[in-house]
Amino acid sequence: MEYVHIPDTDLTVSRVALGTWAIGGWMWGGSDEREGIATIHAALDAGVTLIDTAPVYGFGRSEEIVGKALKEYGRRDKVRISTKVALAWKDGQVSRDASPARIEAEVEDSLRRLGVETIDIYFVHWPDGKVPFEETAAALERLRLSGKVRCVGVSNYDPAQMEAFRGRGRLSFCQPPYNLFERDMETAILPYCKRHGVALMTYGALCRGLLSGTMGPDREFTGDDLRRFDPKFAMPRFGQYLGAAEALAAWARQRHGKELLPFAVRWVLDQGVEVALWGGRRPAQMAPIGDIFDFALTAADFEAVNRILAEHVTDPVGPQFMAPPE
Ligand code: NAP
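Residues numbered from 1 in each chain as written. Predicted model: local features only at pLDDT ≥ 70, side-chain atom pairs only at ≥ 80, totals over all residues. Heavy atoms only, no water.

Per an unreviewed UniProt entry, the chain goes by Aldo/keto reductase and derives from Solidesulfovibrio fructosivorans JJ].

Okay, here's the thing in structure tokens:
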């Protein structure tokens, strides 16, 4: 495992973090609590020290499972937790609410569900255009100064929104989507974060399993699994992405003797991202963690990736389908 110190904080975290959206079950066709806890323990055993969750993941369930897993594992001082704020839900419908009142109430719910006294990294989950960014930032800065959260991040924000936010509070992290198939953040978010010392904790390293090396055209998605309405997983486009994944896997094997999954995560880390989030809900899925840290990519790899993507993915689409309604 590699570890990174986050500037202007007392945080040092693993460069691969476990994402626990699927462990909450909602939008992933359900999940098993014991398996979720075992997955978190497997990640910690492999050297991961940062677990990412959110209240909306299973409407409190993911946070509760993370809390139970932490309690059973012990060593709270070695594990860092990031969670989020500013999404409300009613009857399964999600909406944005980054008002100070919601933030002040939600932090108490998250602390209780997680069973902790302080949240290590607290993210605004999605920008809320109804509330001035400065007001949201000021509310989070108050939480930071009170010690309820140790540092603050924003997720799915663009640079202008981050700029407004930074006027009223310290911003340590930005959490945008990023993987071999979803590269929008390279244009403006990455340079902005580098310029202003905001650490990147990017999400979706495996592109919802497309880059796991085990995805095929016959994989069936059940219940509320988001991949049933993810435009990447609809033919004929799904075929293009699977073709690209196959070509990338062949390249990774030939050049590095690696499978696609470690190659995909290494690629994210080697773009200058501080932390790559990788989601999972079964302990066996954590096995490849050990394969990520004994090689580095070169210019030839970056060129090959660009060539393979251009060759196979002629009708690309981003992750915008995931955005909650404005
Ligand atoms: P991801 O890392 O791109 O993909 C995760 C999925 O890949 C898993 O649920 C699993 O699906 C499959 N997988 C994982 N390891 C595997 C392995 N070893 N072999 C085969 N398949 C494997 O996706 P993500 O969960 O969307 O993103 C990661 C995390 O980022 C989330 O959990 C969450 O914490 C965070 N996130 C944040 C936002 C935001 O708005 N801030 C949005 C999305 C995600 P199956 O179990 O179905 O096979």
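> In this structure, what is going on with the sheet that holds strand β3 (residues 16–19)? I would like to understand it.
Strands belonging to one sheet form pairs held by backbone hydrogen bonds; the direction of such a pair is parallel or antiparallel. Strand order in the closed barrel formed by 8 strands is β3-β4-β5-β8-β9-β10-β11-β12, with parallel pairing between adjacent strands. Adjacent strand axes in the sheet meet at a mean angle of 30°, parallel and antiparallel pairs treated alike. The pairing of strand β5 (residues 80–85) with strand β8 (residues 119–124) spans 4 bridges and is classified as parallel. Looking at the pairing, K84 lines up with F123 of β8. (Pairing = 2+ DSSP bridges. Helix = DSSP H or I, 4+ residues; strand = E, 2+ residues; numbered from the N terminus. Axes fitted to C-alpha atoms, helices over the stretch in contact; angles between N-to-C directions.)

> I tried to follow the environment of R237 on my own but got confused; where do I start?
In this fold, R237 is placed in helix α8 (residues 237–256). Each C-alpha atom of the pair R237 and V313 lies 7.8 Å from the other, and the pair is 76 residues apart in sequence. Those residues in contact with R237 that lie beyond four places of it in its chain are P231, K232, D315, P316 and V317. (Contact = heavy atoms within 4.5 Å.)

> Explain the packing of aromatic side chains to me, please; I cannot follow it from the model alone.
Each aromatic ring pair is described using two quantities: the centre-to-centre distance and the angle formed by the ring planes. Per the counting criterion, the structure on display carries 12 aromatic pairs. Ring centres of F181 and Y241 lie 4.9 Å apart, and the angle between their planes is 65°; on these two criteria the pair is classed as edge-to-face. Here F181 is found in the loop between β10 (173–175) and α7 (189–196), whereas its partner Y241 is found in helix α8, with 60 residues between them in sequence. The exposure classification of F181 matches that of Y241, with both residues buried. Taken together, the aromatic side chains of W21, W28 and Y57 make up a single cluster linked through ring pairs. Taking the ring centre of W89 as reference, the NZ or CZ of R102 above it sits at 6.0 Å. (Phe/Tyr/Trp six-rings, centres within 6.5 Å; stacked < 30°, edge-to-face > 60°. Buried < 20%, exposed > 50% of the residue type's maximum accessible area, 1.4 Å probe, protein only. Lys NZ or Arg CZ within 6 Å of the ring centre and 35° of its normal.)

> Where do I start with the side chain of H41 in this structure?
Structurally, H41 can be placed in helix α2 (residues 33–45). Under the relative-accessibility criterion, H41 is labelled buried at 16%. Setting aside its immediate chain neighbours within four residues, H41 contacts A69, E72 and Y73.

> Where do I start with the site of the ligand in this structure?
Looking at the ligand, there are 32 residues lining it, with D52, S155, R208, R227 and R281 nearest. T20 is positioned with one of its backbone polar atoms (N or O) 3.3 Å from an oxygen atom of the ligand. Within the side chain of H125, a nitrogen or oxygen atom sits 3.4 Å from an oxygen atom of the ligand. Taking 900 Å² as the accessible area of the ligand by itself, protein coverage stands at 95%. Listed by contribution, the elements that provide at least two residues to the shell around the ligand are α1 (21–24) and β12 (275–279). Here the shell around the ligand gets 3 residues from one element, more than from any other, and that element is β12. Looking at the shell around the ligand, its residues break down into 13 nonpolar, 12 polar and 7 charged. (Near = heavy atom within 4 Å. Polar contact = N/O pair within 3.5 Å; in protein donor to acceptor, adjacent residues only side chain to side chain. Areas by Shrake-Rupley, 256 points an atom, 1.4 Å probe, with all protein chains shown as cover. Nonpolar A, V, L, I, M, F, W, Y, C, P; charged D, E, K, R; others polar.)

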